[in-house]
Amino acid sequence: ALALPILIGVALLAACVRDASRAREAGLAPWILGAGYVVGAFVLTLLMRGIAVTGTPLDFVSIGVPGLAIAGALSWLARRRSATGWRDAMTDARHTLVASDLARPARIVWFALLAWMAVRAGMLLVEVWTRPLYPWDAWSAWATKAKTFFALGTIVPFVDAAGWAAASTPVWFDAAPGQPVTLPLLQAWVAIAMGAWDDARIGLPWWLYFVSILLVVYGEIRRRGYAPLASLAAAWLAGSLPLLGTQVALAGYADLPLAAAFTLGTLAGIRAIGTRAPVDIAAAVLALAAVALAKSS
């Protein structure tokens, strides 16, 4: 459930990189990994919308098979365009991770920041993994739709109280019927892939949005020409925001996915104006579309 949107998004963005030399751009690999989840999660919900329009029930096969097909086709295209470049980029990323080029004091700071971020992410993962759906709006305005879509195997209309009372055909009602179905579809996909509704596990995408923000910020700063340690410090500053941690631990609100999409869309959009690079344009367009379809306000 969690891997499919990552595969789709990473493959889509990697396929937009047209040559091996561009694939080795400093910071591009972690940036694509972080941006890939934001983009892939949105594309997956678009796929689910399309499946529902055809009248096909939303289940593991009807979503998983075309999702994997899309990821596979895009991966083939990315490999065809710059297979050598991506292998070299992975080698460069491993080299950077162990900080072999840094002096001893800088290496100590590097690994201290990495350790802090790893502990932070691990503690938040435990929170999300074990805490049943808790925040008020999370279960009264968002997960209501997700559980309905999961139970019925399709997307059904939600209306306000007046519309529900006057309806002559089946409609549904919750505390925020006008909100977009993007995030409920993502929650429903987790339950569909598991084969059961689980109030805690449907919040796991929120943890991945948190990790995505860290990777996007690190990759963006590296792509702007700064050193790895400065880029990691920027990611640490983003990851240490108290309200960000609250939004992860109390998963279910739209604010964190909205923030992740807005962060990526803004940074990629500003970069795309200057570079005209397909990878930046694709990330900006899809992320800002995700912003528009994440929350009505």
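Residues numbered from 1 in each chain as written. Predicted model: local features only at pLDDT ≥ 70, side-chain atom pairs only at ≥ 80, totals over all residues. Heavy atoms only, no water.

A.B. asks: Give a description of the side chain of S212 that names residues and reports values.
C.D. replies: Tracing the chain through its elements places S212 in helix α9 (residues 204–223). Of the polar contacts made by the side chain of S212, one reaches the backbone oxygen of L208; its length is 2.8 Å. If near-sequence neighbours (up to four positions away) are discounted, S212 is found in contact with G34, Y37 and V38. (Helix = DSSP H or I, 4+ residues; strand = E, 2+ residues; numbered from the N terminus. Polar contact = N/O pair within 3.5 Å; in protein donor to acceptor, adjacent residues only side chain to side chain. Contact = heavy atoms within 4.5 Å.)

A.B. asks: Before we move on, can you summarise the packing of helix α5 (residues 104–130) against α9 with the specific residues and values?
C.D. replies: Axis separation between α5 and α9 bottoms out at 8 Å; the angle between their running directions is 160 degrees. As judged from the angle between their axes, α5 and α9 are roughly antiparallel. The chirality of how α5 crosses α9 is right-handed. Taking contact as the criterion, the partners of W110, M117, R120, A121, L124, L125, V128 and W129 in α5 are, on α9, L204, W207, F210, L214 and Y218. Residue composition of the contact of α5 with α9, by class: 12 nonpolar, no polar and one charged. (Axes fitted to C-alpha atoms, helices over the stretch in contact; angles between N-to-C directions. Parallel < 35°, antiparallel > 145°, perpendicular 65-115°, else oblique. Left-handed = near helix turned anticlockwise from the far one by under 90°. Nonpolar A, V, L, I, M, F, W, Y, C, P; charged D, E, K, R; others polar.)

A.B. asks: Can you break down the nonpolar core residue by residue, with the values?
C.D. replies: A general tendency of soluble globular proteins is for nonpolar side chains to be buried together. Counting residues in each nonpolar core, the largest one holds 85 residues, and the members touching the most others are L13, W31, L44, W86, Y209 and L264. Ranked by residue count, the leading element in this core is helix α3 (residues 28–53), at 14 residues. Dropping the residues within four chain positions of it, L264 is found in contact with W31, A35, V38, V39, V216, G269, A283 and A287. (Core = buried A, V, L, I, M, F, W, Y, C linked by side-chain atoms within 4.5 Å. Buried < 20%, exposed > 50% of the residue type's maximum accessible area, 1.4 Å probe, protein only.)

A.B. asks: Please set out unusual backbone geometry residue by residue, giving values where relevant.
C.D. replies: Its identity as a non-glycine residue notwithstanding, R276 has a phi of 55 degrees, on the positive side. You can call R276 exposed: its relative accessible area is 57%.

A.B. asks: Let's hear about a nonpolar patch on the surface: which residues, and what values?
C.D. replies: The grouping of F60, V61 and V65 at the surface amounts to a nonpolar patch, some 300 Å² of accessible area in total. Counting through the fold element by element, V61 comes out in helix α4 (residues 60–97). (Patch = residues over 30% accessible without salt bridge, like charges linked within 9 Å, V, L, I, M, F, W, Y side chains within 5 Å. Areas by Shrake-Rupley, 256 points an atom, 1.4 Å probe, with all protein chains shown as cover. Salt bridge = Lys/Arg side-chain N within 4 Å of Asp/Glu carboxyl O.)

A.B. asks: Please set out the packing of aromatic side chains residue by residue, giving values where relevant.
C.D. replies: Under the defined criterion, the tally for this structure stands at six aromatic pairs. Considering the side-chain rings of W116 and W236, the 5.6 Å spacing of their centres and the 70 degrees angle between planes classify their relative orientation as edge-to-face. Linking W116 in helix α5 with W236 in helix α10 (residues 228–239), this pair joins segments that are 120 residues apart in sequence. On the accessibility criterion, W116 (35% relative accessible area) is partly exposed. Positioned above the aromatic ring of F158 is the side chain of K145, whose terminal nitrogen or guanidinium carbon lies 5.3 Å from the ring centre. (Phe/Tyr/Trp six-rings, centres within 6.5 Å; stacked < 30°, edge-to-face > 60°. Lys NZ or Arg CZ within 6 Å of the ring centre and 35° of its normal.)

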